[in-house]
Structure formats: structure tokens, C-alpha cells
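# Secondary and tertiary structure notes
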Amino acid sequence: MLDLLLKGGLVVDPANHVQSVLNLGIRNGRIARLTLEEPPAAEVVDCAGLLVCPGFVDAHSHEDGLRAGAIQADITLRALRQGVTTLVGGNCGSGPRDLPAYRVAYDAKQPVNLALLAGHTTLRRLCGARDKYAPVSPETVQAMCATLEKQMTQGAVGLSMGIRYEPGMTLEEMCAVARVVRRFDGVVAAHIRSDAFEVFDALDEFLEIGRRTGVRLQISHIGSMAAYGQMERVLSQIDRAAAEGLDVRIDCYPYDAFCTSIGATTYDDGFLERYHDVTRIELTDGEHKGFIPNMEVFRQVRREHPETLTVAHVMNEEEIDMALRHPRTMLGSDGILHNGAGHPRAAGAFVRFLKRYVFERRLLSLDEGIAKMTCQAARRFGLPRGTLGMGCVADVAVLDPARLADRATFAEPALPPEGVRMVVLGGAPALRDGEVVRMDLGRML
């Protein structure tokens with residue numbers, strides 16, 4: 001007997017080129033049947049008129065770090081409510097310091113699965129480098145490589161670099177650590193050195209890592225790097241690199257505003273040459289919450305509260321569309337929060353993408369859209385997820401296309417979406433009709 005039968009839904013599994021009304025059976029945590037028959041099951045869920053697909057895989061997220069040995073379920077919980085069952089975390093150079101300790105804090109205490117990238121900035125700090133604007137010695141690079149090798153052995157799926165946030169790193173340093181990742185067949189993901197009109201040189205620098213080392217590359221949140229008038233040329237630049245033989249992919253979120261802390265190097269001197277107007281940047285919390293009125297307030301908050309998150313409404317929506325339609329692009333929320341405040345992408349990116357790009361505007365087919373949310377990221381990071389193939393782990397999302405809506409806004413970024421009917425992790429329901437029923441099914445992968 002099956003444990004669970006999802007009956008009569010439109011099953012969409014791009015990894016196996018499936019798109020038909022079928023019954024999906026789960027037994028012992030795995031996909032056991034995909035059939036027109038109705039085999040006996042301990043529980044049958046009527047999915048007529050609903051979409052049944054693999055649980056979503058978020059290619060770029062920022063899960064919470066350890067606080068007093070624990071992890072807050074804020075990013076992870078918002079992910080679950082969207083149908084996400086696996087996050088790729090540790091991005092932009094900020095992976096955890098101690099992977100085994102992080103695993104102990106994470107396993108069976110979070111609602112979704114997590115794969116982690118080692119963080120390049122973290123490696124620098126662990127090996128004694130404190131000045132983000134300064135290069136490091138060859139001895140420090142050697143120590144970083146040894147620490148990275150240990151973290152890869154402990155289960156990191158690659159390395160993330162926040163080149164923008166740690167501008168002292170050199171190409172030689174980056175290539176040295178990339179060679180370690182290459183030995184493990186991992187991925188090097190990066191927030192590249194700059195954006196807007198400076199993006200072309202920044203992209204060339206990152207692509208050169210692939211040319212010199214052969215490592216697989218992932219360009220993080222391409223929208224926030226190039227949606228200022230540069231996207232078409234940047235995508236052509238990436239395609240030319242792929243034609244050379246570089247293994248390069250992209251992630252993007254479906255919003256025309258980025259989010260980072262006001263103290264980040266993003267806002268170092270000269271930032272207005274790229275973004276033009278400080279009044280298009282808002283503070284997500286604090287005394288001056290809302291759009292920044294002038295440079296005096298900007299400087300005050302940056303000096304006194306550099307950790308405060310900002311949302312910069314400076315990107316072009318049509319260029320976000322261009323990026324998300326590109327075949328090398330997969331979906332990543334880039335979800336990040338501070339004091340529970342932040343960007344609505346943490347709570348709405350996946351539902352927003354499916355509703356706007358597939359069902360409403362039809363910029364992508366259903367198969368293309370679901371692939372960008374599931375199997376593409378799973379394959380990229382070597383994760384046994386993102387598919388409904390026989391015998392595979394049963395991570396499943398059940399959605400109601402007629403009710404699907406992202407409700408998170410810049411004013412209320414925590415609002416959960418509508419239309420996510422059921423989410424299953426490892427064969428066990430974690431969410432039913434929008435209500436979380438299990439918070440302990442997540443594992444580090």
C-alpha cells in the first residue's frame with residue numbers, strides 16, 4: 001500500500017519530460033507510482049485542477065547563520081510556504097564557519113532542505129584576513145585552500161564569492177581556491193565585482209577564473225548586476241564564453257529592486273554614478289524606515305547602523321524579463337532578512353515567477369518555468385532533488401493555478417503567497433492548504 005496518493009493532478013516533471021494528468025504515489029519517502037490507476041493508499045489527496053511538480057529548488061538564498069547555536073526559521077519558513085523544498089545557501093561569500101556544527105543545528109530543526117556553499121569571505125576571516133580592501137599573502141591563500149578542502153570534504157557543494165563585498169581579493173587568489181573546488185567537481189558562484197556600466201569588466205574577470213581552472217561557474221543574481229541597460233550585452237558575453245567551452249550558468253530573481261545592507265561596499269563612494277538617485281533607495285527598518293530623503297540621512301544611517309538593509313528600486317523590469325527568459329538562467333530568491341525585515345523576494349519570488357512569467361504573461365512555457373525552479377538548480381549543484389522520477393526522494397509541491405498569487409510587497413515583505421495547496425518533504429506533508437504542519441523535515445544535503 002502507498003503512504004500517499006496525489007490523485008488526478010497535472011504532473012509536470014521537466015527532468016523526465018512529463019506533463020500529463022496522472023496519479024502520483026509515494027511510499028517510504030520516495031516516488032513509487034506514476035499511473036492512471038488508483039492503487040490503495042493510506043491517504044488520498046484529490047488534486048484535480050491542481051499542478052503537481054517537484055518541490056522547488058532555490059539556486060541562491062541566504063539562510064540564517066548560527067545565533068547561540070541555533071538557526072532562526074525565517075528564510076526557511078518563507079521558502080516552504082512558496083513550495084520550495086531545498087535551498088542553496090552560503091552565497092555571496094558568507095558560508096558558515098563550521099559546517100559540522102551547522103549541520104547539527106540544522107538537521108530536523110528546519111522546514112526545508114539545505115545545500116551549502118563554502119564562503120570565500122568566511123575562509124579569509126578564518127585564516128586571519130581582516131581587511132576586505134586588502135589582498136592576502138600567499139601563505140594565507142594556502143591556508144584558505146586547506147580550509148576549503150576540509151569544508152568540501154564535509155559536504156559543501158562548492159564555493160561562493162562576494163567579490164563586490166571583498167574587493168581586496170585578486171584573480172590569483174580566486175583561481176587558487178577555484179582549483180580546489182574543481183577537484184571536487186563543485187561550483188564557484190559569485191556576486192561579481194561590480195554592476196551597471198562597470199559590469200562588463202567584472203564579468204570578464206569572473207569568466208577568466210573558468211578559463212584558467214576549468215571550474216563550473218554560477219553568476220549570482222544577474223538582474224541586480226546588469227539590469228541598468230547592460231543585460232543584452234552581458235547575456236551575449238556569457239553565451240560567447242559558453243561557446244568557448246566554459247561551463248557557466250546564471251541565477252536571477254523576478255523583481256526590479258535589489259537588497260543589501262547600507263554598510264556594504266555596494267554603497268562605497270561613487271555609487272550614485274551607477275544608481276543616480278539616493279531617494280530611490282529605501283531603508284527596511286529603523287528610525288528612518290522608508291525611502292531615504294537625502295544624502296545626510298544616508299550617511300547618518302550608514303555610519304550608525306551599517307547592518308540596516310536597503311531596497312534599491314533602480315533596475316529595469318524589461319531587462320529582468322530578458323534575463324529570466326534566457327536558457328542559462330535558473331530561479332534564485334536571494335532572500336535575506338534583518339530583524340524580520342527585508343525584500344519581498346524572500347516570501348514571494350517563486351510564486352511571483354510562476355504566476356507572472358508562465359500563467360499571466362506567458363513569457364515561458366509551463367515546462368520551461370518549472371525547470372528553472374526545479375531540475376536546473378538541482379543538477380547544477382549535484383543535488384538528488386528536482387524530479388519526480390521513480391525511486392527519487394518525494395519532495396513535491398501541489399499548486400492551484402487559479403489561486404496562485406504572491407502577496408509579499410515592499411511595504412509588507414513577509415506576507416505568504418496564496419495557492420500553494422500542499423508541500424511534501426521526503427514523503428511527509430510539511431504544508432497543507434497554506435498551513436505549516438511540520439517544521440522538522442529539513443536536512444542538510
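Use the structure listed above.
First things first, this report covers the structure right here in the doc. (Residues numbered from 1 in each chain as written. Predicted model: local features only at pLDDT ≥ 70, side-chain atom pairs only at ≥ 80, totals over all residues. Heavy atoms only, no water.)

## Quick notes on helix α12 (residues 345-360)
- Taking 1.5 Å of rise per residue, 16 residues should cover 22 Å, yet α12 covers just 19 Å from first to last C-alpha, more than 12% shy of that figure.
- Positive backbone phi, approximately 55°, marks R362, located one or two places after α12. (Helix = DSSP H or I, 4+ residues; strand = E, 2+ residues; numbered from the N terminus. Expected span 1.5 Å × (residues − 1).)

## Some points on the environment of I26
- Considering the arrangement of structural elements, one finds I26 in strand β2 (residues 18-27).
- The exposure class assigned to I26 is buried, which follows from its relative accessible area of 0%.
- As a C-alpha pair, I26 and L4 span 22 residues in sequence and 5.2 Å in three-dimensional space.
- I26 has contacts with L2, D3, L4, I31, A32, A394, V396, V424 and G427, leaving out every residue within four places of it along the chain. (Buried < 20%, exposed > 50% of the residue type's maximum accessible area, 1.4 Å probe, protein only. Contact = heavy atoms within 4.5 Å.)

## Observations concerning the packing of helix α4 (residues 138-153) against helix α5 (residues 171-183)
- At a minimum axis separation of 10 Å, α4 and α5 run at an interaxial angle of 25°. By the angle between their directions, the pair α4 and α5 is classed as roughly parallel. At the point where α4 passes α5, the crossing takes the right-handed sense. On α5, the residues touching V141, M144, C145, L148, E149 and M152 of α4 are E173, A176, V177, V180, V181 and R183.
- Classifying every residue of the contact of α4 with α5 gives 9 nonpolar, no polar and 3 charged. (Axes fitted to C-alpha atoms, helices over the stretch in contact; angles between N-to-C directions. Parallel < 35°, antiparallel > 145°, perpendicular 65-115°, else oblique. Left-handed = near helix turned anticlockwise from the far one by under 90°. Nonpolar A, V, L, I, M, F, W, Y, C, P; charged D, E, K, R; others polar.)

## Overview of the sheet that holds strand β7 (residues 84-89)
- Taken in spatial order, the 3 strands make up an open sheet running β6-β7-β8, and their pairing is parallel. Single-partner strands in this sheet number two, and they are β6 (56-58) and β8 (113-116). Averaged over all adjacent pairs, the angle separating strand axes in this sheet is 20°, with direction ignored. (Pairing = 2+ DSSP bridges.)

## Some thoughts on the pairing of strand β21 (residues 396-399)
- Burial of β21 is two-sided: the residues V396 and V398 facing one way and the residues A397 and L399 facing the other way are all buried.
- Where strand β5 (residues 51-54) meets β21, 4 bridges bridge the pair, whose relative direction is antiparallel. Residue pairing across strands places L51 opposite L399, the latter belonging to β21.
- Looking at chain direction, β21 and strand β22 (residues 420-425) are connected through 4 bridges and run antiparallel.

Taken by themselves, the reported measurements are silent on function.
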